[in-house]
Amino acid sequence: MRRPVSFLAVAVIALASVVTAQNAPASPSERRITARAAPVYPDLAKKMHIHGTVRVEAVVRSNGSVKSTRILGGNPVLVDAALEAVGKWRFEAAQSESAEVVQIVFETQ
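The shown structure was predicted, so the numbers you read here are calculated from the model rather than taken from an experiment.

Q: Residues and numbers for the sheet that holds strand β5 (residues 98-106), please.
A: Taken in spatial order, the three strands line up as β3-β2-β5 in an open sheet, and their pairing is antiparallel. With one partner strand each, in any of the chains shown, β3 (66-73) and β5 form the two edges of the open sheet. For this sheet the average axis-to-axis angle between neighbouring strands, irrespective of direction, equals 30 degrees. In this structure, strand β2 (residues 52-60) lies alongside β5, joined through nine bridges in antiparallel fashion. By the bridge assignment, T53 is partnered in β5 with V105.

In structure tokens form, the structure reads like this:
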């Protein structure tokens, strides 16, 4: 009885990885940033003296505008500000869409 369940679990994991690979953007290409919006330091983070780095993956259209963003890591209090800022950035134009990984550093003032 255990063998069919194990086989089913492996099949589901394999299928999920294929679907994920098809929907994933190209690997990071490190396109140059041409315009950068500074993140707004959240009031809660200021009050709690929270600082740190937030890693964001931005899917960038060929014209350089940001299509979508997702968090790769960072303090939950800081992630919304980082996503909002990176969403306003512009990158150099390229032949195709790409994924760029950037880091936003929040330091207490």
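On we go.
Q: Let's hear about unusual backbone geometry: which residues, and what values?
A: With a phi close to 55 degrees, H49 is a non-glycine residue in the positive phi region. Along the chain, H49 falls in the loop between α2 (43-47) and β2. Taking the relative accessible area as the measure of exposure, H49 reaches 60% and is therefore exposed.

Quick notes on the rules
- Residues numbered from 1 in each chain as written.
- Predicted model: local features only at pLDDT ≥ 70, side-chain atom pairs only at ≥ 80, totals over all residues.
- Heavy atoms only, no water.
- Pairing = 2+ DSSP bridges.
- Helix = DSSP H or I, 4+ residues; strand = E, 2+ residues; numbered from the N terminus.
- Axes fitted to C-alpha atoms, helices over the stretch in contact; angles between N-to-C directions.
- Buried < 20%, exposed > 50% of the residue type's maximum accessible area, 1.4 Å probe, protein only.

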